[in-house]
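Fold and geometry: a report
Below, each chain spelled out in residue letters.
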Amino acid sequence: MIDGKRINQISKKTWYKWSFYINIVLFFIVGLFIYLLVIDCLNYNRISYDWLYIARDIGFLSVALALIFFQFFRNLLKIMQRSL
């Protein structure tokens, strides 16, 4: 279990670096699952369970995009607070 003292000891530079890497991974995940969503929609067959693949793609896309937008608005809020 991580205690609060360890988290507070991490520098802002390290947090920004990790945030950058997480965003790059999230963008690759979004790209991959958009590709898979298109492929799954083109191969959709009403008889089989292809809708599960489409639901999987939409689920991963929604989580990844939610994290991206959360970080975007959090960083935007920080910039606005610093400039005021």
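If you're wondering where the values come from, they're calculated on a predicted model, not measured in any experiment.

1. Describing the overall build of the protein
The secondary structure content of the protein amounts to three helices and zero strands. The linear arrangement of helices and strands in the protein, starting from the amino end, is α-α-α. Per-residue burial for the protein yields a buried fraction of 15% across its 84 residues. Taking all contacts inside the protein whose residues are at least 6 apart in sequence as the whole, residues at least 24 apart take part in 54%.

2. Remarks on the layout of surface pockets
Computed from the structure, the largest pocket encloses a volume of approximately 210 Å³. Residue lining of the largest pocket: K12, W15, Y16, W18, S19, I22, Q71, R74, N75 and K78, and that is the complete set. Listed by contribution, the elements that provide at least two residues to the lining of the largest pocket are α2 (12-42) and α3 (50-83). Counting residues per element, the lining of the largest pocket draws most heavily on α2, at six residues. Class assignment for the residues of the lining of the largest pocket results in four nonpolar, three polar and three charged.

3. Notes on the side chain of D50
For D50, the location among the structural elements is in helix α3. R56 is the oppositely charged side chain nearest to the buried, salt-bridge-free D50, at an N-O distance of 9.3 Å. A polar contact of 3.2 Å, which involves the side chain of D50, links it to the backbone nitrogen of N45. Ignoring sequence-local partners within four residues, the contact set of D50 consists of N43, Y44 and N45.

4. Digging into a nonpolar patch on the surface
On the surface, W18, F20, Y21, I22, I24 and F28 cluster together into a nonpolar patch covering about 680 Å² of accessible area. Counting through the fold element by element, Y21 comes out in helix α2. Of the residues examined, Y21 reaches a relative accessible area of 44% and is grouped as partly exposed.

5. Some thoughts on the side chain of D40
Among the structural elements, D40 can be located in helix α2. Residue class for D40 comes out buried when judged on its relative accessible area of 14%. Once you skip the residues sitting within four places of it in the chain, D40 turns out to touch Y53, I54, R56 and D57.

6. Considering the packing of α2 against α3
Put simply, α2 and α3 touch, their axes get as near as 9 Å, and they point 150° apart. Where α2 crosses over α3, the two elements pack in a sense that is left-handed. In the contact of α2 with α3, the residues fall into 20 nonpolar, three polar and five charged.

What counts as what
- Residues numbered from 1 in each chain as written.
- Predicted model: local features only at pLDDT ≥ 70, side-chain atom pairs only at ≥ 80, totals over all residues.
- Heavy atoms only, no water.
- Helix = DSSP H or I, 4+ residues; strand = E, 2+ residues; numbered from the N terminus.
- Buried < 20%, exposed > 50% of the residue type's maximum accessible area, 1.4 Å probe, protein only.
- Contact = heavy atoms within 4.5 Å.
- 1 Å grid on protein atoms, 1.4 Å probe; cavity = no way out; pocket = protein on both sides within 12 Å on 5 of 7 lines; lining within 4 Å.
- Points joined across faces, edges and corners; volume = space filled by probe spheres on them.
- Nonpolar A, V, L, I, M, F, W, Y, C, P; charged D, E, K, R; others polar.
- Lys, Arg positive; Asp, Glu negative; His and termini not counted.
- Salt bridge = Lys/Arg side-chain N within 4 Å of Asp/Glu carboxyl O.
- Polar contact = N/O pair within 3.5 Å; in protein donor to acceptor, adjacent residues only side chain to side chain.
- Patch = residues over 30% accessible without salt bridge, like charges linked within 9 Å, V, L, I, M, F, W, Y side chains within 5 Å.
- Areas by Shrake-Rupley, 256 points an atom, 1.4 Å probe, with all protein chains shown as cover.
- Axes fitted to C-alpha atoms, helices over the stretch in contact; angles between N-to-C directions.
- Left-handed = near helix turned anticlockwise from the far one by under 90°.

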